[in-house]
Amino acid sequence: MSAEREAAKGATAVAAGDAHPVRYLELTGFGSHDKLKLRSRPAAPPAPGPGQVTVRVRASGLNFADVMAQQGIYDRTPPLPHTPGMEGAGVVVAVGEGVQDRKVGDRVMVLVRWGMWQEEVTVLSAQTFLMPEAMTFEEAAALLVNYITAYMILFDFGNLRPGHSVLVHMAAGGVGIAALQLCRTVENVTVFGTASARKHEMLKENGVTHPIDYHTTDYVEAVKKISPKGVDIVMDPLGGADTTKGYKLLKPMGKLITYGMANLITGSKRNLMALARTWWNQFSVTALQLLPANRAVCGYHLGYLHDEVELVSGVVSRLVALYNQGHIKPHIDSVWPFEKVADAMKQIHEKKNVGKVLLVPGAEKES
Ligand SMILES: NC(=O)c1ccc[n+]([C@@H]2O[C@H](COP(=O)([O-])OP(=O)(O)OC[C@H]3O[C@@H](n4cnc5c(N)ncnc54)[C@H](OP(=O)(O)O)[C@@H]3O)[C@@H](O)[C@H]2O)c1
């Protein structure tokens, strides 16, 4: 059984020496928020195994994938019951045998496949990254999934260069804002960003050249009106018919990077019509069609890169440098205590969030 699997089951995550029980959230079934239960286990001295560290968690990220997993439609969901949560930040309280690069007291960010929604986790030291000194725990819990994703899409697949144009969907969400900030690190990039109208001021402040309210405007027409040839990069987190629209919006040598299926989600309950519609409208292209089109289509899924330790840690190093230089800064939408996980999820289901939604073991704090 892997370290994260054990941590997710609560088997090796143990208390930091105080007498308080360790609290954790557990997903016990799919479909409704009341299937997420707050549990606790007795405190015990931390006992990380070889290569592992135990981390007292100060904040954890809530990702769109957690919302999909709650409805039973995320492909990387482990068997039930399990503790969700792919990222977080906290303090190392114990190190296992052979761990050279972490010590008790280090402030770290943690990236795992699941299991971060608890007060204490035991993970491989390679799944932790040292936090920059100036970074808060909340920022650290908001950085990894969103910024690694946006960075690899824009720079590794997208080859973003000065003068390029980019279409960013869900632009006011966690990945969206990360992408906007990263686009700003390159000269003269034109950004089209789709989001609800009330979020447009914020989009402009974060570098969106042309905000588009996709509720009232056909975004394809809006982009074509300003840039008849289309764009160089389409970030596609929506899937279904939107992938086809994105592909058609590419300029010669343009790249579409598909990395999500947000169209599957229409509220807090699973929507079979949306599932069927998105599946039916799935984009497909043959090599024979791609060849004369001079376009690229890429698929990105961080959940399948967890074993690529060097690749991912290289990206994190570059992100930490960008943070230290003041180029990127996670935008926190709201912070919710474990007890309010259902409200935290609703924040995303109801499209209220601007930036990252976080969970903390302690007291509630909303902005
Ligand atoms: N492949 C990967 O490795 C990877 C990693 C991270 C994220 N992702 C994907 O990236 C996308 C964005 O994730 P995120 O964490 O940045 O999202 P997020 O912060 O939760 O963004 C939520 C916002 O997106 C907009 N939205 C558009 N369609 C929506 C829908 N069907 N349901 C709810 N909100 C919708 C809403 O804003 P408006 O009011 O403006 O519409 C909402 O407030 C998701 O598709 C996610 O699965 C993929």
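Residues numbered from 1 in each chain as written. Predicted model: local features only at pLDDT ≥ 70, side-chain atom pairs only at ≥ 80, totals over all residues. Heavy atoms only, no water.

S.K.: Please give an account of the side chain of His-200 that cites residues and values.
M.R.: Along the chain, the position of His-200 falls in helix H5 (residues 200–205). Among the polar contacts listed, one links the side chain of His-200 to the backbone oxygen of Ala-195, at a separation of 2.9 Å. Beyond its immediate stretch of four places on either side in the chain, His-200 contacts Ala-195, Pro-211, Ile-212 and Asp-213. (Helix = DSSP H or I, 4+ residues; strand = E, 2+ residues; numbered from the N terminus. Polar contact = N/O pair within 3.5 Å; in protein donor to acceptor, adjacent residues only side chain to side chain. Contact = heavy atoms within 4.5 Å.)

S.K.: Before we move on, can you summarise the packing of helix H3 (residues 137–157) against helix H10 (residues 309–324) with the specific residues and values?
M.R.: Contact geometry for H3 and H10: axes closest at 9 Å, N-to-C directions at 110°. Classed by the angle they form, the pair H3 and H10 counts as roughly perpendicular. Mapping the contact onto sequence places Glu-139, Leu-144, Tyr-147, Ile-148, Tyr-151, Met-152 and Asp-156 in H3 and Leu-311, Val-312, Val-315, Val-316, Arg-318, Leu-319, Leu-322 and Tyr-323 in H10. Looking at the contact of H3 with H10 residue by residue, the classes come out as twelve nonpolar, no polar and three charged. (Axes fitted to C-alpha atoms, helices over the stretch in contact; angles between N-to-C directions. Parallel < 35°, antiparallel > 145°, perpendicular 65-115°, else oblique. Nonpolar A, V, L, I, M, F, W, Y, C, P; charged D, E, K, R; others polar.)

S.K.: Let's hear about the site of the ligand: which residues, and what values?
M.R.: Around the ligand, a shell composed of 23 residues is seen, among which Val-175, Ser-196, Tyr-214, Leu-302 and Asn-353 lie nearest. Interatomic distance of 3.0 Å between a backbone N/O atom of Pro-237 and an oxygen atom of the ligand. Backbone polar atom of Leu-302 to an oxygen atom of the ligand: 2.6 Å apart, as the coordinates give it. When the free accessible area of the ligand is taken as 930 Å², the share hidden by the protein chains comes to 93%. Secondary-structure elements contributing two or more residues to the shell around the ligand are H3 and helix H4 (174–183). With three residues, the top contributor of residues to the shell around the ligand is H3. Among the residues making up the shell around the ligand, the classes are represented as 13 nonpolar, eight polar and two charged. (Near = heavy atom within 4 Å. Areas by Shrake-Rupley, 256 points an atom, 1.4 Å probe, with all protein chains shown as cover.)

S.K.: If you had to explain the packing of aromatic side chains to someone new, which residues and values would you point to?
M.R.: Enumeration according to the criterion identifies two aromatic pairs in this entry. Ring plane angle 45° and centroid distance 4.9 Å describe the contact between Tyr-247 and Phe-283, whose orientation is recorded as tilted. Pair noted here: Tyr-247 is in helix H7 (residues 241–248) and Phe-283 is in the loop between helix H8 (272–280) and helix H9 (287–293), with a separation of 36 residues, a long-range link. Among the residues examined, Tyr-247 registers a relative accessible area of 8% and is labelled buried. (Phe/Tyr/Trp six-rings, centres within 6.5 Å; stacked < 30°, edge-to-face > 60°. Buried < 20%, exposed > 50% of the residue type's maximum accessible area, 1.4 Å probe, protein only.)

S.K.: Please provide a residue-by-residue account of the nonpolar core, values included.
M.R.: If you look at the biggest cluster of nonpolar residues, it comprises 93 residues, and the most contacted ones within it are Met-109, Trp-117, Ile-148, Val-166, Met-235, Tyr-300 and Leu-319. The element contributing the most residues to this core is H3, with 14 residues. In this structure Ile-148 touches Leu-111, Leu-143, Tyr-300, Leu-302, Val-312, Val-315, Val-316 and Leu-319, once residues within four positions along its chain are discounted. Phe-192, Val-231, Val-234 and Leu-249 belong to the second largest nonpolar core, which has 13 residues in total. (Core = buried A, V, L, I, M, F, W, Y, C linked by side-chain atoms within 4.5 Å.)

S.K.: Go over the sheet that holds strand E10 (residues 210–212), please, and point to the residues and values.
M.R.: Spatial ordering of the open sheet is given by E10-E9-E8-E11-E12-E13, a layout of six strands whose pairing is parallel. Sheet topology places E10 and strand E13 (295–299) at the edges, where each strand pairs with a single neighbour. Across the sheet, the axes of successive neighbouring strands diverge by a mean angle of 15°, strand direction being ignored. Taken together, the five bridges between strand E12 (residues 250–258) and E13 define a ladder with parallel strand orientation. Across the sheet, Gly-254 pairs through a bridge with Arg-295, a residue of E13. Against the sheet, H4 touches strand E8 (165–168), strand E9 (190–194) and strand E11 (231–236), its axis set at about 165° to E8. Across the face of the sheet, H7 comes into contact with E11, E12 and E13 while running at roughly 155° to E12. (Pairing = 2+ DSSP bridges.)

S.K.: Provide a residue-level description of helix H6 (residues 219–226), including the pertinent values.
M.R.: What H6 keeps buried is the set Tyr-219, Ala-222 and Val-223. For H6, the buried positions fall inside an angular range of 95° around the axis, keeping them on one side. With respect to the buried face of H6, the exposed residues turned more than 90 degrees away are Glu-221 and Lys-225. On its buried face, H6 sits against E8, E9, E10, E11 and H7. Capping the start of H6 is the job of one residue whose side-chain oxygen sits 2.9 Å from the backbone nitrogen of Val-220: Asp-218. (Arc of directions from axis to C-beta.)

S.K.: Explain H4 to me, using residue names and the numbers behind them.
M.R.: Taken across its ten residues, H4 has nine buried, putting it largely inside the fold. Within H4, burial applies to Val-175, Gly-176, Ile-177, Ala-178, Ala-179, Leu-180, Gln-181, Leu-182 and Cys-183.

S.K.: Which residues make up empty space enclosed by the protein, and what values do they have?
M.R.: Scanning the model with the defined rule gives two cavities of 30 Å³ or more in all. What lines the largest cavity is simply Asp-66, Ala-69, Tyr-74, Arg-76, Thr-77, Pro-78, His-82, Pro-84, Gly-85, Met-86, Arg-113 and Trp-114. Of the residues in the lining of the largest cavity, the class split is six nonpolar, three polar and three charged. Considering only enclosed or pocket space, the second largest cavity measures out at about 40 Å³ in volume. Together, Ala-142, Asn-146, Tyr-147, Gly-174, Ile-177, Pro-330, His-331, Gly-355 and Lys-356 line the second largest cavity. Of all the secondary-structure elements, those providing two or more residues to the lining of the second largest cavity are H3 and H4. (1 Å grid on protein atoms, 1.4 Å probe; cavity = no way out; pocket = protein on both sides within 12 Å on 5 of 7 lines; lining within 4 Å. Points joined across faces, edges and corners; volume = space filled by probe spheres on them.)

S.K.: A description of the pairing of E11 should follow, citing residues and the corresponding values.
M.R.: Looking along a regular strand, one sees the side chains alternate between the two faces of the sheet. In terms of burial, E11 is a largely internal element, six of the six residues being buried. Chirality of the crossover, the property in question, places the unit of E11, H7 and E12 among those that are right-handed. (Right-handed = clockwise from strand over helix to strand, strands pointing away.)

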